[in-house]
Amino acid sequence: ILNEVDGDMSISEPDYQYFHDTAPGVPGVVIPFGIHVDDYDMEDDDYIATDHPTLFHLGSMNWSPNVEGILWFLDEVWPEILSAHPDLTFTLAGHDIPDTIRCRHDKNVTVMGAVPNANEFMMDYDIMVVPLLSGSGIRIKIVEAMALGRVVITTSIGAEGLNVQDGKHLFIANTPEEFVAVVNKCVAMPDLCTIISENARHYISMHHNNAVIAQQIKDFYEQVSSK
């Protein structure tokens, strides 16, 4: 089928590379997932600047990589974070949270389940944790959280498809030790979190803005239709 189309548009570089390797003669382009940036307005006092940040995760739990990642985080990472910061809290939200998570009763962990408004939920917390160990594509909730100025801590897999810099637009951690180190940094340096928050919003407005992406799609249509 790939060899029969005029072109293909991928939302991430790994996806593009797969299509290109499969059908190298077909024009392709990477055009990332986009949002209506105006739907993610913030006030000046919504930026992160607290000595006691709150951690959260928001994602559908009918996707197995989310369940896998959260169970790993609760087993391997959260006890280490609590050992260093016993007052920190972690709130879980999303559809179809399984009993394997609901029935754990981990200390300082609140399981909310589905929330009526994702943006309002994210604005109530400071740091989004996305501990993905598998999967591909762009994580939409990371894009939305960054648009709202939330600080994001994720794995290298979680950051795939985003042309971001670790420590500038978000934080990347792949081991329990790295997660703890990042949380330590966020607690000790609230001003850094504010900078990350501002950088995240600017990155999304420049690279995942539907107004920009629509023009990229139009340009690609014109490219393939002229052949």
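Scroll up for the structure.
Summary of the structure given here. Model, not experiment: these values are computed from the prediction.

1. Overview of the overall build of the protein chain
So, step 1. Secondary structure assignment for the protein chain yields eight helices and eight strands.
So, step 2. Once the C-alpha set of the protein chain is aligned to its principal axes, its extents read approximately 60 × 40 × 35 Å.
So, step 3. Counting every position in the protein chain, which comprises 227 residues, the buried fraction comes to 45%.
So, step 4. Across the protein chain, contacts joining residues at least 24 apart in sequence account for 64% of those joining residues at least 6 apart.
So, step 5. Surface accessibility of the protein chain: about 11300 Å² in total, with carbon and sulfur atoms responsible for 49%.
So, step 6. Taking the 11 positively charged and 34 negatively charged side chains of the protein chain as two groups, their mean positions are separated by 1 Å.

2. Thoughts on the sheet that holds strand β5 (residues 109-113)
So, step 1. In spatial order, the strands read β5-β4-β3-β6-β7-β8; together these six strands make up an open sheet with parallel pairing. Each edge of the open sheet carries a strand with a single partner, namely β5 and β8 (171-172).
So, step 2. Judged from the four bridges that link them, strand β6 (residues 127-130) and strand β7 (residues 151-154) form a sheet pairing that is parallel. When the bridges of β7 are listed, V130 appears paired with T154.

3. Notes on the environment of N199
So, step 1. Counting through the fold element by element, N199 comes out in helix α7 (residues 190-207).
So, step 2. Take N199: its relative accessible area is 24%, and that puts it in the partly exposed class.
So, step 3. Sequence-wise, N199 and N184 are 15 residues apart; in three dimensions their C-alpha atoms are separated by 20 Å.
So, step 4. What N199 contacts, discounting residues up to four positions off in sequence, is K168 and H169.

4. Notes on the pattern of salt bridges
So, step 1. Applying the stated rule across the entire model yields four salt bridges.
So, step 2. We note a salt bridge from E144 to K141, for which the minimum N-O separation is 3.3 Å. Taken as a pair, E144 and K141 lie in helix α5 (residues 140-147) at a separation of three residues, close to a single helical turn.
So, step 3. Owing to a relative accessible area of 11%, E144 belongs among the buried residues under this scheme.
So, step 4. A salt bridge links E222 to K218, with the shortest nitrogen-to-oxygen separation between them at 2.7 Å. Within this pair, E222 and its partner K218 are both found in helix α8 (residues 210-225), separated by four residues, close to a single helical turn.
So, step 5. According to the relative accessible area criterion, E222 is partly exposed, its value standing at 41%.
So, step 6. The structure contains a network of salt bridges with shared partners spanning D75, R104 and D106.

5. So, the environment of H95
So, step 1. Structurally, H95 can be placed in the loop between β4 (90-93) and α3 (99-102).
So, step 2. Judged by relative accessible area, H95 falls into the partly exposed class, the value being 47%.
So, step 3. Sequence-wise, H95 and L58 are 37 residues apart; in three dimensions their C-alpha atoms are separated by 8.9 Å.
So, step 4. With residues near it in sequence (within four places) discarded, H95 still touches G59, S60, M61, N62 and A114.

6. Quick look at the side chain of T155
So, step 1. By secondary structure assignment, the location of T155 is in the loop between β7 and β8.
So, step 2. On the basis of relative accessibility, which here comes to 2%, the residue T155 falls in the buried class.
So, step 3. At 3.1 Å, the side chain of T155 forms a polar contact with the backbone nitrogen of G158.

7. A few points about the pairing of β6
So, step 1. Side chains I127 and V129 project from β6 onto one buried face, and the interleaved M128 and V130 project onto a second face that is buried too.
So, step 2. Examined bridge by bridge, strand β3 (residues 55-58) and β6 share two bridges and lie parallel to one another. Counted as the bridge partner of L55 is I127 from β6.
So, step 3. This β-α-β element, β6 to α5 to β7, shows right-handed connectivity.

8. Side note on the nonpolar core
So, step 1. The biggest cluster of nonpolar side chains holds 32 residues, and the ones touching the most others in it are L55, F73, L74, W78, I81 and F90.
So, step 2. At the level of elements, α2 (64-84), β4, β6, β7, α6 (176-188) and α7 are the ones that each hand at least two residues to this core.
So, step 3. When residues no more than four places from it in sequence are discounted, the contact partners of L74 are P79, F90, L92, I101, R104, D106 and V109.
So, step 4. Of all hydrophobic cores here, the second largest spans 27 residues; its members include V115, I142, L162 and A200.

Cut-offs applied
Residues numbered from 1 in each chain as written. Predicted model: local features only at pLDDT ≥ 70, side-chain atom pairs only at ≥ 80, totals over all residues. Heavy atoms only, no water. Helix = DSSP H or I, 4+ residues; strand = E, 2+ residues; numbered from the N terminus. Buried < 20%, exposed > 50% of the residue type's maximum accessible area, 1.4 Å probe, protein only. Contact = heavy atoms within 4.5 Å. Areas by Shrake-Rupley, 256 points an atom, 1.4 Å probe, with all protein chains shown as cover. Lys, Arg positive; Asp, Glu negative; His and termini not counted. Charge placed at Lys NZ, Arg CZ, Asp CG, Glu CD. Pairing = 2+ DSSP bridges. Salt bridge = Lys/Arg side-chain N within 4 Å of Asp/Glu carboxyl O. Polar contact = N/O pair within 3.5 Å; in protein donor to acceptor, adjacent residues only side chain to side chain. Right-handed = clockwise from strand over helix to strand, strands pointing away. Core = buried A, V, L, I, M, F, W, Y, C linked by side-chain atoms within 4.5 Å.

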